[in-house]
Each structure stands twice: as C-alpha cells, then as structure tokens.
Amino acid sequence: MGEVAPARRLRTHQAAWGLTALTLAVLAAALVFTALNTSRIGTARVGLEAVLSAAVLLYAASGRLIASRRPDNAIGWLLGSIGLAVATSLFAEQYALYGVATAPGAVPAAKAVGCLAAAATSVTVFLLFVIVPLFPDGHLPSPRWRPVLWAMAVVFIGWGTQQFQAGTTVSGGLTNALQAGGATYPNPTGFLPRHGWYSDLLAVIVVLAIITVIAVVASVFARRRGAGPERRQQLAWLGYVGALTVAWILLLGLISILKPALNSWLGALLWGLVVVTPVAGIPVACVVAVLKYRLYDLGRIVSRTVTYAIVSGLLVGIYAGLVLLATGVIGLTSPVAVAGATLAAAALFGPLRSRVQRRVDHRFNRARYDAERMLAAFAARLTEELDADAVHDDLASTVHTALEPAHVSIWLADR
C-alpha cells in the first residue's frame, strides 16, 4: 500500500503536465497561423486572439496548479480542459482561414478542421457550466443533481449538432475569424435537415436549456444552504465573478437602450468587461476557493470594486458638468474647458476616493472598518498612557479584538 500512493501521485502529476503541454502546443500552433493571417483579420481581431491566448495560459496554469495539489478535485481538470478547448477553437479557425483564404490549398483538410472550431466552442461553454454545480469540492451537492449534468450534456450536444445542418455556414469559433477574413464556406459535413423533425427537436432543447440554467443556479443555493462559514466563503468567490458579469451585462443593455451613440466606445468597453471578467475571474476564483489561499480577502475586493465604481461615476459626472458649465455658461473654448475639467477631476480623485472608501468599508467591509477604528483609538490612548503594564494589556486586547489571532505574544526589549 505504501507504494501505491506515490505511484498514483506521479501519474497524476504527469497527467496534469501532459494536459498543460498539449494545451501549450495547440496554442503555439494557433499563434503561428494567427501571425500568418494577420493581414486578413485586422488588428482588432488579433487583439481578441491575444486576450483569448492569455485566457488559455491562465486556465492551463490554474488547472495544473489545482490538479497537482488536489488531484481528486474535478475543478482543476475542468479548468485545464477549458484551456485546451479554447486553444483548439483558436487553432481550428486560424488553420482553416490559412488553408482557405490566406494560402489556398497550402494545408490539408482545412475546411474539415475549421468545423472543429464551433465544436470546441460548444465544449468550452459546456465545461464552464459544469464547473458551477461541482464548485468548489468537485462533487455535486447530492446525487439527486446528476440529472442536471445529463441535461447539460443533452443541451450542448444539441447545440453542437446545429453545425451539421445542411447549408450551415462555417464562420469560425470564439472569434469568428473566418467571417472576419471573408472566408466562410458551407459545412462540408452537413447531413441534418434544416426543417422538419430536427427543428422540432431544437425547440425542445431550447426549453430544456432554460430549465437547465435555472437548475444550475439553484444548485449553488442548494450547496450554500446549511454550509459552514468556510464553504460559504468559497462559494462567495464564484458568486462575486457572476454578479460582476451580470452587472456589466445590465449596464451594457441599459446604455444600448438609452444612448445608442455611446456604443462606439462605452459599449465596446463594457463588452470587453463582460468577456474579461468571467475569463479571468473564474480561474482565479477557483484557485482561491479550492486551495483556500487568501480565502477571506473577498470583502476587501468587493469594497474596492464598489469604491472605484462610485468614484468613477462621480468623476465622470463632475467632468461632464464642468465641461458643460465652462462651454455653455462661461463661454470658454472646448480645449480649455476639457483641460480644466480634467485637472479638476484629477485633483478630486484622492480626497473623493478616501471619503467613499470609508463609507463603503462601513457598509461592505465592516470588519476592516471596525479594526481601523480600534487601532486609531488605541493610538490615541497610547499618547496619554504612561504605565507600561497598562499599555501591554491594552495592546493585547486591541490586537485580539481587531484581528482575532489564536494567541498573542508581546516581547519588550530590555534597556
């Protein structure tokens, strides 16, 4: 028995590194073809490829880290598989674009490989959804939730099979690089009918998808119910990423309705946040929650997020108000008004941030707020206290109340 565990750990370690190495190899090939296709897809699409490539590295690294330290937890293997799926999608569409448009006929089976891009995208979304009911210990809340996994598999298989409908156009995967390069083509393997029984089946799958999404969200609340403080804190990390993503989506929808003209820059910014937040947030949340490193720092992160969101909104309002006042009432020229408003907003940033931070900590990060108040009160008492024993007792009491350590020891230097 003593030799089984080390052998199993070695195999697990090799499997984790093997998955990472395969992901990096596929990503390297995708980047090579991206460089060859740059002239066809444009700078903006290359930037998106760079962001997704960084996401591949993040998922691969976080997956290997968790899999090597918690090999029995499925979360690490799911993260590593997501990295491989994203890399495969990038490679398939860039390979097809090169073989179809950049250098026609230069690589074999370009159109067939291009069909894998959409399939890899479906696998990516499926694995992301699977993480939610398994988070954070890699197991379902109870065996009763197994039908949810089966339903997810049915939904995403049905979604993936749409690519095999007759007459379906292959446009790429996560970045739609084939469409950007003007190299779309009909799926050469399309064999499913576009109408009739298959359309009815897709309608059923849409209904099943709605029910499945509701069940996946409900699984989080089912796990949270009756959970201890540590498990609730683990779930809060993933919940924070989800709440932030939903907030960006709601803002994007609100801006598109109220101010369609702002879509050119603000809409693009919010859409970037919608993509980047889950892409970067999910692996980070998984690493923190599973490995429990700095697990209880979420309150500080939430308070900083709320603070900078409020400060940004106030500064934008002040900036716009000053520009309108200077140009419309005072009659200054636009460059002078913009410069003055920029300087005023910059001068207000520091004082405004500190004031808003205190207010937000009072509401969202109460522990830190109370600790700072206790330490400030101790510093005020220290200036008036002359008895060393009283200072010793006061310091020990303050540290114990503010930080709640397991024990407190104080050393005083001999004079």
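These numbers come from a predicted model, not from an experiment. (Residues numbered from 1 in each chain as written. Predicted model: local features only at pLDDT ≥ 70, side-chain atom pairs only at ≥ 80, totals over all residues. Heavy atoms only, no water.)

### Details of the overall build of the chain
This is how it is decided: Numbering of helices and strands starts at the N terminus; helices are DSSP runs of H or I of at least 4 residues and strands are runs of E of at least 2. Note on classification: 1.4 Å probe, protein chains only; a residue is buried when its accessible area is under 20% of the maximum for its type, exposed when over 50%, partly exposed between these limits. Should any heavy atoms of two residues lie within 4.5 Å, those residues are counted as being in contact.
Within the chain one finds 13 helices and 2 strands. A buried classification covers 35% of the 415 residues belonging to the chain. Here the analysis covers contacts within the chain between residues at least 6 apart in sequence; of these, 74% occur between residues at least 24 apart.

### Remarks on helix H2 (residues 38-69)
Put simply, the rule is: Every helix has an expected span of 1.5 Å times one less than the residues it contains. Take the seven residues that end at a residue and the seven that start at it, fit an axis to each, and the angle between those axes is the bend at that residue.
When the terminal C-alpha atoms of H2 are compared, their 39 Å separation across 32 residues is substantially less than the 46 Å that a helix rising 1.5 Å per residue should span. At Ala44, H2 shows its largest bend, some 75°. Residues Ile41, Glu49, Leu52, Ser53, Ala55, Val56, Tyr59, Ala60, Ser62, Gly63, Ile66 and Ala67 constitute the buried set of H2.

### A closer look at the nonpolar core
For clarity, the cut-off: The term nonpolar core refers to a set of buried residues drawn from Ala, Val, Leu, Ile, Met, Phe, Trp, Tyr and Cys, joined through side-chain atoms within 4.5 Å.
Ranked by internal contacts, the top residues of the largest apolar core, which has 40 residues, are Tyr59, Ile66, Ile75, Leu79, Leu90, Ile131 and Cys286. Listed by contribution, the elements that provide at least two residues to this core are helix H1 (4-36), H2, helix H3 (74-102), helix H4 (110-134), helix H5 (146-161), helix H7 (197-224), helix H8 (229-258) and helix H9 (266-291). With 9 residues, the top contributor of residues to this core is H9. Excluding residues that lie within four positions of it along the chain, Tyr59 makes contacts with Leu79, Gly80, Ile82, Gly83, Leu128, Pro278, Val279, Ile282 and Pro283.

### Some words on unusual backbone geometry
Cis rather than trans, the peptide bond between Phe135 and Pro136 has omega equal to 0°. Tracing the sequence through the fold places Pro136 in the loop between H4 and H5. A positive phi angle, near 50°, is found at Ala109, a position not held by glycine. As for its position among the elements, Ala109 is in the loop between H3 and H4.

### Describing the packing of aromatic side chains
Put simply, the rule is: Between 30 and 60 degrees the pair is tilted, below 30 it is stacked and above 60 it is edge-to-face, where a pair is any two Phe, Tyr or Trp rings, Trp via its six-membered ring, whose centres lie within 6.5 Å.
By the definition in use, this model includes 8 aromatic pairs. Relative to Phe91, the ring of Phe33 has its centre 5.9 Å away and its plane inclined at 65°; by these criteria the two rings are edge-to-face. With a gap of 58 residues between them, Phe33 in helix H1 and Phe91 in helix H3 connect regions that are remote in the sequence. Owing to a relative accessible area of 23%, Phe91 belongs among the partly exposed residues under this scheme. Ring geometry for Phe129 against Phe156: centres 5.7 Å apart, planes inclined by 50°, an arrangement best described as tilted. One end of the pair, Phe129, is in helix H4; the other, Phe156, is in helix H5, and 27 residues separate them in sequence. When its relative accessible area of 29% is taken as the criterion, Phe129 is described as partly exposed. Here the aromatic cluster, defined as three or more aromatic residues joined through ring pairs, consists of Phe33, Phe91, Tyr95 and Tyr98.

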